[in-house]
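# Fold and geometry: a report
Single-letter residue listing:
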Amino acid sequence: MVIPDSVLEVKTSAFQGCSGFDGELKLSSKMKFVDRFSFADCSGLTGSLTIPNTVVQIESHAFYRCYGFDGCLTLSNKLSMIDECAFYFCYKLKGDLNISTPLIYMEMKERAFEGCSGLDGQLILPVGLRMIHNYTFYGCSGLKGDLVILDRIKEIRGNAFANCSGFDGRLVLSKNLLYVLDYAFAGCSGFRGELVIPAGIREIHSNAFANCFGFTGSLTIPSSISAIKYGTFSGCKGLDGNLYINSTVASIEDNAFESTNFKNVFYFGANEPECDANIGFKSDQIIYVTDEYDKDSFCSFNVKVQPAPTDVPPTDVPPTDVPSASDVPPTDVPSPTKKPFSKKMLIVIIVSCSAAAIIIIIIIALAVRSSATKRKHNLDTLNNEALINQNDDEKYQ
């Protein structure tokens with residue numbers, strides 16, 4: 001199917017269900033939009049799919065279930081949006097998934113690439129992406145290499161990368177990441193190396209990293225986290241180093257650490273968190289606490305008082321051998337050693353500066369007015385003296 005260059009737009013559902021096409025699709029080089037359901041269920045289309053660089057938006061379900069495409073997918077470098085289910089279950093597409101674009105803002109909606117299991121290269125995300133929506137890459141099990149979540153991304157929603165088991169490199173999370181929702185990385189069993197959680201993250205939801213058994217080494221729960229949810233790290237059996245839990249953790253839910261193999265567990269708080277019945281540690285796990293801890297057990301596990309280890313500090317700073325993209329606290333999160341300006345303090349400073357400026361202006365205005373008055377007085381005095389002299393002259397004459 002060839003869409004000639006004279007065509008500027010393919011309207012909604014224009015070719016939906018045309019499963020009889022059995023060749024490649026060539027789009028017009030003048031198109032700016034691929035509208036909703038334009039080629040949905042055109043399952044007979046084959047070969048590679050190239051989205052021209054003139055296209056700025058791919059609307060919802062545009063290539064929904066076009067599972068005949070069996071070549072590479074080349075996307076426009078001017079895309080500002082890929083809408084929901086745009087490439088849903090195009091599972092024969094191959095190669096890299098390169099979504100890079102220089103735009104400062106780019107959006108991908110729910111299920112945009114769900115089920116594209118044939119993509120077998122690297123995933124390159126756009127720099128303008130701020131959020132990864134629900135199920136966006138769910139089941140893209142062929143993607144390989146590192147997964148780098150760029151620093152503008154602040155939220156990864158539910159099942160975003162679930163069952164992307166092909167990633168076989170590092171997971172590098174955005175240093176500005178705030179939320180990881182339910183099952184976001186569940187079943188991503190191929191990741192290697194340590195899981196480094198950014199220092200400013202606020203919430204990690206249930207089963208977020210469930211069955212990511214490729215992660216190895218130690219894990220630090222940063223001080224920005226107050227709750228460890230149900231099954232968050234369950235099945236991460238490769239975690240076999242030390243677990244460091246900061247004092248801010250107030251609750252730990254069932255199966256949070258099920259099947260993990262931590263050698264040592266360190267807790268740095270003075271009070272015992274609220275724990276469910278089975279948080280997942282091995283039955284003989286000993287929890288190392290500080291001498292400030294006020295209980296004789298930790299979530300039903302035996303405790304042992306021991307000074308904090310010297311090789312990994314009980315702070316938000318991760319070990320030095322982790323990827324550099326994740327070892328600096330987010331710029332919008334206050335540093336634990338430096339008290340930031342509060343809003344009230346900032347308002348006081350602004351009001352004080354404004355008041356000072358107004359006072360200076362009033363002083364200058366008064367000074368100018370005083371100078372003008374003085375000059376006028378001197379002029380009137382001179383005029384009066386001149387008039388007196390003139391009268392005296394007339395009198396003598």
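Look above for the structure.
All of the points below concern the structure found in this document. Note that this is a predicted model, so its numbers are computed, not measured.

This next bit is on the pattern of salt bridges. Across all of its chains, the model carries seven salt bridges by this definition. Among the salt bridges present, the one from Asp41 reaches Arg65, with a minimum N-O distance of 2.9 Å. Here the residue Asp41 occupies a position in the loop between β2 (33-34) and β3 (49-50), and Arg65 occupies one in the loop between β4 (57-58) and β5 (73-74), the gap between them amounting to 24 residues. A relative accessible area of 35% places Arg65 in the partly exposed class. For Lys229, the salt bridge is made with Glu253, and the minimal N-O distance between the two is 4.0 Å. Taken together, the residues span a long stretch of sequence, with Lys229 in the loop between β17 (227-228) and β18 (242-245) and Glu253 in the loop between β19 (251-252) and β20 (264-267) at a distance of 24 residues.

It is worth spelling out the side chain of Thr101 at this point. If you trace the backbone, Thr101 turns up in the loop between β7 (97-98) and β8 (107-108). Using a relative accessible area of 5% as the deciding quantity, one classes Thr101 as buried. In this structure, Thr101 is in contact with Asn77, Lys78, Leu79, Met106, Pro126 and Val127, ignoring residues within four places of it in sequence.

Per the stated rule, a full pass over the model turns up one disulfide. There is a disulfide in this structure between Cys275 and Cys299, and the S-S distance comes to 1.7 Å. Of the two residues, Cys275 sits in strand β21 (residues 274-275) while Cys299 sits in the loop between β23 (297-298) and β24 (301-305), which places them 24 residues apart along the sequence. In this model Cys164 remains outside any disulfide bridge; the closest cysteine sulfur is found in Cys188, 5.1 Å from its own.

With that settled, consider the sheet that holds β2. One open sheet accounts for five strands, arranged β1-β2-β4-β6-β8; its pairing is parallel. Edge positions in the sheet fall to β1 (9-10) and β8, since each has one partner strand and no second.

Glancing now at the packing of aromatic side chains. Under the criterion given, the structure shown has 29 aromatic pairs. Ring centres of Phe113 and Phe137 lie 5.8 Å apart, and the angle between their planes is 5°; on these two criteria the pair is classed as stacked. Of this pair, Phe113 sits in the loop between β8 and β9 (123-124) while Phe137 sits in the loop between β10 (131-132) and β11 (147-148), and the two are 24 residues apart along the sequence. Ring centres 5.2 Å apart and planes at 55° place the aromatic pair Tyr135 and Tyr138 in the tilted group. Owing to a relative accessible area of 26%, Tyr135 belongs among the partly exposed residues under this scheme. A residue is classified by how much of its surface remains accessible, and Tyr138, at 26% relative accessible area, is partly exposed. Positioned above the aromatic ring of Tyr135, the side-chain terminus of Arg111 is 4.1 Å from the ring centre. Over the face of the ring belonging to Phe213 we find Lys237, whose NZ or CZ atom lies 5.2 Å from the ring centre.

About the criteria used
- Residues numbered from 1 in each chain as written.
- Predicted model: local features only at pLDDT ≥ 70, side-chain atom pairs only at ≥ 80, totals over all residues.
- Heavy atoms only, no water.
- Salt bridge = Lys/Arg side-chain N within 4 Å of Asp/Glu carboxyl O.
- Helix = DSSP H or I, 4+ residues; strand = E, 2+ residues; numbered from the N terminus.
- Buried < 20%, exposed > 50% of the residue type's maximum accessible area, 1.4 Å probe, protein only.
- Contact = heavy atoms within 4.5 Å.
- Disulfide = S-S within 2.5 Å.
- Pairing = 2+ DSSP bridges.
- Phe/Tyr/Trp six-rings, centres within 6.5 Å; stacked < 30°, edge-to-face > 60°.
- Lys NZ or Arg CZ within 6 Å of the ring centre and 35° of its normal.

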